[in-house]
Amino acid sequence: MRYLKFTALLLLTISSSASVLSRSAIAQQVEGADSASLADEPIADQSPAVKAEEFAAGIYPTPLDLETLRRGIQRSASGDLLGTEQATSSQTGFQTNTAADTTEIAVADRTAATNRTEQIAQAEDLPVLEEGTPATTAAPGDPVPSDPGSLDLLPNSGIQSGPDVVQPIPDDAPVQGAEPELGDLPDILFADPNPLNLPTTLEGVEIERNPLVTLEQAIELAYRNSQTLQATVLQLEQAEAAVDQARAANLPSLSTSAGITSQQRDAVDGGLNPFTGQQLQGQDAGLNTALNGGLRVDYDLLTGGRRAANIRQAELQRQVAALSVESQQEQIRLITANNYYQLQEAGEQIRIQRTFLEEAERNLRDSRLRQEVGVGTRFDTLRAEVQYANARQQVIQAQGSQRIARRDIARLLNLPPNAGLQTSPVSVAENWPLTLEESILLAFDNRAELEQQLLQADISEQQRQIALSAVRPQVGLFADYSLQSLLNDGADDIRDNYSFGASFNMVLFDGGAARASARQQEIGSQIAEEQFSENADQIRFDVEQAYFNLDTNQENIATSRIAVSQAEEALELANLRLQAGVGTQLDVLTAQSELTTAQGNNITAILNYNRALAAMQRAVSNVTVE
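About the cut-offs
Residues numbered from 1 in each chain as written. Predicted model: local features only at pLDDT ≥ 70, side-chain atom pairs only at ≥ 80, totals over all residues. Heavy atoms only, no water. UniProt positions renumbered as here; feature names shortened; annotations may be inferred. Salt bridge = Lys/Arg side-chain N within 4 Å of Asp/Glu carboxyl O. Helix = DSSP H or I, 4+ residues; strand = E, 2+ residues; numbered from the N terminus. Buried < 20%, exposed > 50% of the residue type's maximum accessible area, 1.4 Å probe, protein only. Polar contact = N/O pair within 3.5 Å; in protein donor to acceptor, adjacent residues only side chain to side chain. Contact = heavy atoms within 4.5 Å.

The name that an unreviewed UniProt entry assigns to the protein chain is Transporter, with the source organism given as Leptolyngbya foveolarum. Check the Sequence similarities (unreviewed entry) section of the UniProt entry for the protein chain; it says "Belongs to the outer membrane factor (OMF) (TC 1.B.17) family."

Here's what the structure looks like:
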């Protein structure tokens, strides 16, 4: 008798699981037609008793409020949702039919998934996996929404945890629109031409718009707005002015001077000069005022090589400054691309975590319903609640990371204080057209850093010549003209004078200071050559690292797409097994977690490939991939 009771209880449990299977199958069809069905309100024109009867028959309105279900159970004429004393034979027949239907559904889904995998593998030129490999859900290269801030967040959908109701997660991102052309970017994205302006009101720092910006547009904005690049351009202008200053030494210098002098005059008595016998004219005491002026021309004829070395050094410094602008542009391009991909990844994490949150919410709702009807346990419900809470925290964390990434790229692009941006959908970047060896040779030809080191060695040589000019002969030419006039009353005396000549100067002994300074510059040239070799090794490593990352992530993209399909199929089978009573809720939780991980790995592989391509472009420089 005890075994018969146990058998009857087991059949009752299986029958209840079958009814839940039928209900969940209908719910999944509704969710597949509209992903927002979790937020729909219950049908208003049905009474609680009717809802309870429909649930007992396997018809599951989405969603079914627990309080409504409880009231329906109390008012139902049957007295109990599943019936208290149903015949064992009818339950057995119902269970058998349901199990057969479940098997057919599983086989059909598995066959369809295999067919989809083979089609996509042929289109992608990927290897076809063995039986059981599901298909990828997205065609190669199809864009994936990268900034799902515009998606509707999950409502509480009637799920409660004690007295607290789960609140929706706020959304701060704007709705995406069509990708604008570069000329269509709003003026709000252009930096203030006055770098000293700061906002003084709350409205001045409140984010007004987050327009859609492509990667190319973001790079152009960085070139236009970047303070670092602007400072580098100004340094180039300084170097050009230094060249003009050095070349001015080729011309003579012309200077002028003027002055006025007043001097006290003592009184002089008239009479005969005792020595010459001439009559002296008397003069009263007063002031003698004289006006004088002069004009001088100087020219350094021989400078010991200092003048030519100064001019050449300034020209080399200008070339170094121009290469610094080029290098800074390439670096800004790389940093902008990485920050842009970081914002894309943050948006994709929100999308993935929201999908997981929807699954966790559905699983929690099903677990509570199973517990209500007596076919589930409190332990399963607690695990589902923990999973839902963790998924919700992941969404909140992803939203915070997106806000930080958005403001980080706004800082990099020097956007106005009230402007932000959002990214275009994630897609795989172009293929790198060159081999590894071709890339290395092209990098050696294009990298500005190598040419800068060569120029630095030349600059050190010019500085050595300047140091040696201190002990070499110096010859200069000059011409001077002066004019002096007395401004006293009755005086009409104007005197002028001129002179011209040449000067010679040479330091015979300075204790070896000049040669020691020249030796320092010679060593500086050798240091520049060693740094050239070191930079060449680093550039080669940068190219090789980027190239290997391209290969690795290109393979990871194909592998991760298949993994996503497999994880999706595994989740479907886990749900079917649970509903058929042959699986556990742990299988469902594990499958959901694995699907989230696979989706994250796919996005990471795509963005890592894009980052590797950006790193390759930076390592080679002056290359545009189309």
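Chemist: Quick one: what's the story with the pattern of salt bridges, residue by residue and with numbers?
Modeler: One pass over the full model with this rule turns up 14 salt bridges. In this structure, E315 and R312 form a salt bridge, with 3.6 Å as the shortest nitrogen-oxygen distance. Placement of the pair is E315 and R312 together in helix α8 (residues 306–373), with a separation of three residues, close to one helical turn. Given the relative accessible area of 17%, E315 is considered buried. When its relative accessible area of 33% is taken as the criterion, R312 is described as partly exposed. Here R618 makes a salt bridge to E449, at a shortest N to O gap of 2.8 Å. Of this pair, R618 sits in helix α13 (residues 585–620) while E449 sits in helix α11 (residues 448–468), and the two are 169 residues apart along the sequence. When salt bridges with common partners are traced through the structure, they connect R247, R312 and E315 into a single cluster.

Chemist: Could you give an account of the side chain of T381, with specific residues and numbers?
Modeler: Mapped onto the elements of the fold, T381 is located in helix α9 (residues 378–412). Classification of T381 by relative accessible area gives buried; the value is 1%. Of note is the side chain of T381, whose polar atom sits 3.5 Å from the backbone oxygen of S367. Excluding its chain neighbours within four sequence positions, the residues that come into contact with T381 are L364, S367, R368, Q371 and Q585.

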